[in-house]
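A closer look at the structure
Given next are the chains, with one letter for each unit.
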Amino acid sequence: MEIKINPKYPSVTDLRKRAMVKMPKFAFEYLDGGCNEDINLDKNRTDLQKIELMPQYLSKFDKSNLKTELFGHTYDAPFGIAPVGLQGLMWPNSPEILAKAAFNHNIPFILSTVTTSSIERVAELTEGKSWFQLYHPAEEKVKRDLLDRAAHAGTDVLVILADVPTFGYRPRDVRNGLAMPPSMSIKNILEVFKKPDWAIQTLIHGQPAFKTMEKYMPKGLNLKKLGEFMDATFSGRLNEDRIASIRDQWKGKLVIKGVVNEIDAQKAINLGVDGLIVSNHGGRQLDAGQSSIVPMTHLAKKYKNDIKIMVDSGLRGGPDIARAMANGAEFTFMGRSFMYGVGALGKEGGNHTISLMKREFQQVMEQLCCENVTDLPKHLIVN
Ligand SMILES: Cc1cc2nc3c(=O)[nH]c(=O)nc-3n(C[C@H](O)[C@H](O)[C@H](O)COP(=O)(O)O)c2cc1C
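Remember, it's a predicted structure, so these values are computed and weren't measured experimentally. Every residue gets a number counted from 1 within its own chain, in the order that chain's sequence is written. Reporting of local features is limited, given that this is a predicted model, to residues whose pLDDT is at least 70; pairs of side-chain atoms are given and counted only at 80 or more, and all residues count toward the totals for whole chains, interfaces and linings. In computing side-chain values, all of the structure's heavy atoms are included and hydrogens and water are not.

**Side note on the packing of aromatic side chains**
Selection rule: Any pair of Phe, Tyr and Trp rings, taking the six-membered ring for Trp, is counted once the centres come within 6.5 Å. Such a pair is stacked with planes under 30 degrees apart, edge-to-face with planes over 60 apart, and tilted for the rest. Numbering of helices and strands runs from the N terminus; a helix is a DSSP stretch of H or I covering at least four residues, while a strand is a stretch of E covering at least two. Relative accessibility decides the category of a residue: with a 1.4 Å probe and only protein chains considered, values under 20% of the type maximum give buried, values over 50% give exposed, and everything between is partly exposed. Sitting over a ring, as applied to charges here, requires NZ of Lys or CZ of Arg to be within 6 Å of the ring centre and within 35 degrees of the ring normal.
Taken as a whole, this structure holds eight aromatic pairs when the rule is applied. Centre to centre, the rings of phenylalanine 71 and tryptophan 131 are 6.0 Å apart; their planes meet at 50°, and the pair counts as tilted. Linking phenylalanine 71 in the loop between strand E1 (68–70) and strand E2 (73–75) with tryptophan 131 in strand E5 (residues 131–134), this pair joins segments that are 60 residues apart in sequence. For tryptophan 131, a relative accessible area of 2% corresponds to the buried category. Over the aromatic face of tyrosine 30 sits the side chain of arginine 284, whose NZ or CZ is 5.0 Å from the ring centroid.

**Looking at helix H14 (residues 293–303)**
The line we're drawing: Residue contacts follow a heavy-atom distance rule, with two residues in contact if any of their heavy atoms lie within 4.5 Å.
Those residues of H14 that sit buried are Ile293, Pro295, Met296, Thr297, Leu299, Ala300 and Tyr303. Along its buried surface, H14 packs onto helix H3 (39–49), helix H13 (262–270), strand E8 (275–278), strand E9 (308–311) and helix H15 (318–326).

**Details of the site of the ligand**
Operational definition: To be near a molecule or strand, a residue needs just one of its heavy atoms within 4 Å of it. Two N or O atoms form a polar contact when they lie within 3.5 Å of each other; inside protein one atom must be a possible hydrogen donor and the other a possible acceptor, and for residues adjacent in sequence the pair counts only when both atoms belong to side chains. Residue exposure ignores everything except the shown protein chains as possible cover, and the areas themselves are Shrake-Rupley values with a 1.4 Å probe. Amino acids outside the nonpolar list (Ala, Val, Leu, Ile, Met, Phe, Trp, Tyr, Cys, Pro) and the charged list (Asp, Glu, Lys, Arg) are all regarded as polar, and Gly is one of them.
The ligand sits among 24 residues. The nearest are Pro83, Ser112, Asp312, Gly314 and Arg316. Glycine 85 places a polar main-chain atom, nitrogen or oxygen, 2.9 Å from a nitrogen atom of the ligand. Residue serine 279 places a side-chain N or O atom 3.4 Å away from an oxygen atom belonging to the ligand. Here the ligand has 600 Å² of accessible area as a free molecule, and 99% of this is covered by the chains. Residues belonging to the shell around the ligand are distributed by class as follows: ten nonpolar, nine polar and five charged.

**Here we look at the pattern of salt bridges**
The condition is simple: Each salt bridge in this description consists of a side-chain nitrogen of Lys or Arg and a carboxyl oxygen of Asp or Glu lying within 4 Å of one another.
What the rule picks out here adds up to 22 salt bridges. The shortest N-O distance in the salt bridge between aspartate 76 and lysine 358 comes to 3.6 Å. Here lysine 358 lies in helix H17 (residues 349–368) and aspartate 76 lies in the loop between E2 and strand E3 (79–81), a separation of 282 residues in the sequence. Relative accessible area serves as the criterion here: at 7%, lysine 358 is assigned to the buried category. Of the charged contacts, one joins lysine 143 and glutamate 140 as a salt bridge, the two residues approaching to 3.1 Å between their closest N and O atoms. A residue pair is termed a helical-turn pair when its members lie 3 or 4 positions apart in one helix, as lysine 143 and glutamate 140 do in helix H7 (residues 140–152) at three residues. Classification of lysine 143 as buried rests on a relative accessible area of 1%. Taking the relative accessible area as the measure of exposure, glutamate 140 reaches 38% and is therefore partly exposed. Through salt bridges with shared partners, a single network forms among Arg45, Asp320 and Arg323.

Shown next, in the form of structure tokens:
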């Protein structure tokens, strides 16, 4: 896929600024914010920025190859698009835009259970190459059906989420009257009138809806009832029995997202899980928690021979991908960066942001004189 970057937005910082102008305030703040006082959100960035890499200018060097093996597939680069809920509310049609761009660039796209496109639609756009993230439903038959649908759609990798035992406390969303699920106040509706592109795109693509979940919802729910339905459906906390039962049913690769310590990692390994995405949900759940790069580094050292260790939370470009990989991650994911891209540039945003990441990461690899992504740990400066 051709690398195509709009020169007006050469970084995620530029995309974020533009997205802030284009998106309604309640939607931008839902995307951008962390929880409580944003301490964990900031810590993800500052801990990553502390990581330093060492170039080896005089070493024998041919060229850098970004290709990365994961779960039997060779991806074009070691990064993918993390699952994000309610995407169509932030930018209409955004899950479809990102899924297609990820497919064209041969990187993984993870579909969230609670986003605004369906398992089937995304499978069609990506020839079954996307991954599916399951929010664990309380009802066994809903869970079984979701897993059957994902398998039937050709999904190879299932990601189950561990780090939302309760919804994060996010002051911006409380102020904006935006919760899970959304409720539209007069203030928010007025905000929409100030964002004509967003409003037109919403008219074209229709009101965002939980497309994957629609089939289980009673017809004609008002917002309040929809809220009650979603709360009741996803009251299910993940535990070992539930993971064991999914492991039994799911024949493909199984990944747990949100594990941040040895005790849980060891349990996951014992249960036959294939990979972990070490994540703190982008600083949206536990403000008093660690950054994700710190536990990832520890878990990668200890368990890299037992399970694939991946990471997300706080990565914003090529240098961050390289930092995470040098610290032992086998793959990385980003959530907000790609959504800023679509918020800023609409349907061009997927291709633009993936191109940007590839270009930045390629430059870092060449600057370090690093030929393969698996060699990045040799460039880590250990103090
Ligand atoms: C607006 C928003 C919604 C999210 N929704 C989900 C979700 O539905 N499922 C999920 O597993 N993670 C969700 N996440 C977490 C992301 O998958 C990912 O862990 C996080 O965005 C990584 O941090 P980053 O945004 O700094 O890259 C969400 C994140 C954001 C920003």
